[in-house]
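Understanding the architecture of this molecule
Listed below, chain by chain, are the residues.
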2 protein chains.
Amino acid sequence: MQNFIFHNPVKIYFGKGQAAHVADEAAAVRGPVLLVYGGGSIKRNGAYDDVMAALRRAGSTVVELPGVTPNPRLDKVVEGVRLVREHGVGLILAVGGGSAIDCAKFIALGAGIGEDEDLWDDYVETGRPAPEGLVPLGVVLTTAATGSEMGDAAVLTNPERNRKLGYVSFPLTPRFSVLDPSYLLTLPDEQTTYGFVDMFCHTCEQYLSLPDDDNLSDEMAEAIQRHILRSWRACRRDPRDYEARSNAMWDSTLALNRVISRGKDEDWVTHGIEHAISAYFDIPHGAGLAIVHPHWMRYVYDASPEATARFARWAVNVWGVDATGKSARVLAQEGIERYVDFLRRVGAPLTLAEAGVPSDPATLDALADHAGEAGGSYRRITRDDARAILASCVEPVGF
Amino acid sequence: MQNFIFHNPVKIYFGKGQAAHVADEAAAVRGPVLLVYGGGSIKRNGAYDDVMAALRRAGSTVVELPGVTPNPRLDKVVEGVRLVREHGVGLILAVGGGSAIDCAKFIALGAGIGEDEDLWDDYVETGRPAPEGLVPLGVVLTTAATGSEMGDAAVLTNPERNRKLGYVSFPLTPRFSVLDPSYLLTLPDEQTTYGFVDMFCHTCEQYLSLPDDDNLSDEMAEAIQRHILRSWRACRRDPRDYEARSNAMWDSTLALNRVISRGKDEDWVTHGIEHAISAYFDIPHGAGLAIVHPHWMRYVYDASPEATARFARWAVNVWGVDATGKSARVLAQEGIERYVDFLRRVGAPLTLAEAGVPSDPATLDALADHAGEAGGSYRRITRDDARAILASCVEPVGF
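The sections below set out a description of the structure shown in this document. This is a predicted model, so every value here is computed, not measured. (Residues numbered from 1 in each chain as written. Chains lettered and ligands numbered in written order. Predicted model: local features only at pLDDT ≥ 70, side-chain atom pairs only at ≥ 80, totals over all residues. Heavy atoms only, no water.)

To continue, consider the overall build of chain A. When its secondary structure is counted, chain A shows 15 helices and nine strands. For chain A, the C-alpha radius of gyration of 21 Å lies close to 21 Å, the compact-globule estimate for 399 residues. Put simply, chain A has 399 residues, and 62% of those count as buried. Long-range contacts, defined here as pairs at least 24 residues apart, represent 78% of the contacts in chain A between residues at least 6 apart. Carbon and sulfur atoms make up 49% of the accessible area of chain A, which amounts to about 13700 Å² in all. Of note, chain A has its 39 positive side-chain charges centred 4 Å away from the centre of its 54 negative side-chain charges. (Helix = DSSP H or I, 4+ residues; strand = E, 2+ residues; numbered from the N terminus. Rg over C-alpha atoms; globule rule 2.2 N^0.38 Å. Buried < 20%, exposed > 50% of the residue type's maximum accessible area, 1.4 Å probe, protein only. Contact = heavy atoms within 4.5 Å. Areas by Shrake-Rupley, 256 points an atom, 1.4 Å probe, with all protein chains shown as cover. Lys, Arg positive; Asp, Glu negative; His and termini not counted. Charge placed at Lys NZ, Arg CZ, Asp CG, Glu CD.)

Right, let's get into the sheet that holds strand E6 (residues 137–141) of chain B. With mixed pairing, seven strands are arranged side by side in an open sheet as E1(A)-E2(B)-E9(B)-E6(B)-E5(B)-E3(B)-E4(B). A strand with exactly one partner marks an edge of an open sheet, and here the two such strands are strand E1 (4–6) of chain A together with strand E4 (62–65) of chain B. Taking each pair of neighbouring strands and ignoring which way they run, the sheet shows an average axis angle of 15 degrees. Where strand E5 (residues 91–96) of chain B meets E6 of chain B, five bridges bridge the pair, whose relative direction is parallel. Each residue of the ladder has a partner; that of Val95 of chain B, found in E6 of chain B, is Val140 of chain B. Those strands touched by helix H4 (residues 74–87) of chain B are strand E3 (33–36), E4 and E5 of chain B, and its axis lies near 165 degrees from that of E4 of chain B. Helix H9 (residues 242–254) of chain B rests against E1 of chain A together with strand E2 (11–14), E6 and strand E9 (176–179) of chain B of the sheet, and its axis sits at about 170 degrees to E2 of chain B. (Pairing = 2+ DSSP bridges. Axes fitted to C-alpha atoms, helices over the stretch in contact; angles between N-to-C directions.)

Residues and elements named next belong to chain A. If you walk through the whole model with that rule in mind, you get 44 salt bridges over all chains. Notably, a salt bridge pairs Arg163 with Glu125, separated by 2.9 Å at the nearest N-O pair. Of the two residues, Arg163 is situated in strand E8 (residues 163–168) and Glu125 in the loop between helix H6 (119–124) and strand E6 (137–141); the sequence distance between them amounts to 38 residues. Overall, Arg163 belongs to the partly exposed group, its relative accessible area being 24%. A relative accessible area of 31% means that Glu125 is categorised as partly exposed. Salt-bridge contacts for Asp365 lead to Arg383; the nearest nitrogen and oxygen are separated by 3.1 Å. In this pair, Asp365 is assigned in helix H14 (residues 361–371) and Arg383 in helix H15 (residues 383–392), connecting sequence segments 18 residues apart. You can call Arg383 partly exposed: its relative accessible area is 21%. (Salt bridge = Lys/Arg side-chain N within 4 Å of Asp/Glu carboxyl O.)

With 39 residues of chain B at the contact, the number on the chain A side is 39 residues. Here chain B packs against chain A, burying approximately 3500 Å² in sum over the two surfaces, 55% of which is carbon and sulfur. Looking at the side of chain B facing chain A, the largest losses of area belong to Met1, Leu216 and Trp250 of chain B, adding up to 19% of the total buried there. One can count six salt bridges joining chain B with chain A. The shortest N-O distance in the salt bridge between Arg230 of chain A and Glu219 of chain B comes to 2.9 Å. Scanning the region where chain B abuts chain A turns up 26 residue pairs in polar contact (both at pLDDT 80 or more). (Buried area = accessible area lost by both parts, 1.4 Å probe. Polar contact = N/O pair within 3.5 Å; in protein donor to acceptor, adjacent residues only side chain to side chain.)

Turning our eyes to something else, we now look at the sheet that holds strand E1 (residues 4–6) of chain B. Within the open sheet, the seven strands sit side by side as E4(A)-E3(A)-E5(A)-E6(A)-E9(A)-E2(A)-E1(B). Their pairing is mixed. Whereas interior strands pair on both sides, the edge strands pair on one side only; in this sheet they are strand E4 (62–65) of chain A together with E1 of chain B. Going across the sheet, the axis of each strand differs from the next one's by a mean of 15 degrees, ignoring polarity. This element, helix H3 (residues 47–58) of chain A, spans strand E3 (33–36), E4, strand E5 (91–96) and E6 of chain A of the sheet and lies at about 180 degrees to E3 of chain A. Packed onto the sheet, helix H5 (residues 98–112) of chain A meets E3, E4, E5 and E6 of chain A and runs at close to 165 degrees relative to E5 of chain A.

Geometric values such as these leave the question of function open.
The following block contains the structure:
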């Protein structure tokens, strides 16, 4: 296995009623708590009431920052940074999904850098590491999708510049995260679906990459993928099934807490291209992934014998494709087809048009420019490759 | 899934040359470093030289505590506590396997409790939680077995009282662990074998327990078990194969870093009975496990339909038993038989006599008294059950 460092100190409180622990965590810091959240969903699913009750028990002063949008934006972060400084906030508490969490992470970063530094230009665009000693961050999670609750990554949109960028730095890691699956029971179907697309995609972006060795990470990634597919079906059968929702919630966290990327090159091209799309068109992240991911697969699965063999293994071990008498190439194609069929069945968009995204040459050029040199493991994706993948998104993948 | 808390902040430096990071870690603390190790193996496998070079770079003063024995003992811990207090030690660094690590954990605990408290009577025997603020602990691992490098558990032997007890408390968690697989390349065959028995057993003791739900932990436990068996075969084919050794090392850490016990009752009866054996007879821990584990399996696999179904699933998913036309009971038995055959092939003892342990009634009584009420999930194991399991260890498991 390749050398690596693993360090994930997030304390996870998992299960029904665990938001009560917010009281202990809030009592352990000095200063008010900044509550970062989105629209009204946390007031309907019970999370807001549970958190406020815990904070009352802790005797905390609460400053609220509602209104974080999906694909969270720089202006909301700036507003949060102002509140942190003004009130001397001691704990930033994100209540919601990836948007609230990522917004809160950037608020912590923005409040921790020098007054003469610019959050966007000096950190997000450059990837410069965050300083230590940021205001601590807590999470009360209300979706199953992002993985941000147990990780050091976050994504921010700068709508003025049509930029949406990922940023990874250890100090953004939350101190604790509450994962109460009962908050998922009222999640709209569309969000459930896109959450599953996101977490499944995360596992693939670690698993479908070099090196081609016998790595436990791959064996575990397959286990998580199979389990995600089971949880997905169970949540569709009965969205109010606590067991299914709890499985979805832990699946999504394990999908991106870096356990299954140890020793892997990883390949985040699909996320890179999707970020380009939602930088310009405000579509759900999961919808963009459902469009791009299979098209990326078609573009890279035959890049090398190693790539084809890995896609073939994926088809057999995750999708249950019968390998009898089939070449690796055919198996790989069948796996991708199964995936596309599954996405179609759950109602995810398979083309840009289905998500209302135009595919005229000027748009494709702009998106490809944003994706730029997108990286890649089995196949290095240049700006022109990204454009070719985007151009192929006008029709569903088929062979 | 059942509610749980997960918190594992150990920083892992994995791979060749990673002991160099000991320099940064040592530089981050004040006070000398107490080096805890066993016999001479760390001077042959390169770990000692690497660590000393790193500590020299950090400018650390080093206090040495060699001579930790397998099944580490209370008297060595007392010696270490004295050194910590005498020298104002700032970092306890275990270099070795489970014995060195567990000894170091108890030294940290012993140095952190009140002068009027007794480490053995007040903590190990009672399970009373360790205080916060212990002297920080680092690990440079030279075996693949224990899991102690990324966990809060440790085991200590009190030879005067013929007691060997496990102890679990969060403050015993190491701050960092260096996992360099090249230190395994010279590991004697017997230690390699017993290490694999230990890690495989750990995964089973989490997986073979209630509840009977669709838990990702189980799917991942199977993945780890399959991978352990592959790594085991690869290490036997070529003990100097870095790839195989690196897989073994990460397998063993993932087997016991609490990821696969989330939502599980767990069942540590096998370890409990083994500790009884090695409290009286100084045999390798892995040898004791190889004897007890299949006999425990035979004792519990038909305790309930859930138990039998789980053993059957294990037989199919881990051992590759063909399920066609077979009852769960037959599958479960075939799985256990495959395990016993495998242990026989790798040269592990299958009976008490093979390990030189007597099985006269007085001995069995003493061992059963030590095991006591051993807990259990599918089947609650009383003192008399433990005696029955021990009594069955006079011949290999068969059906």
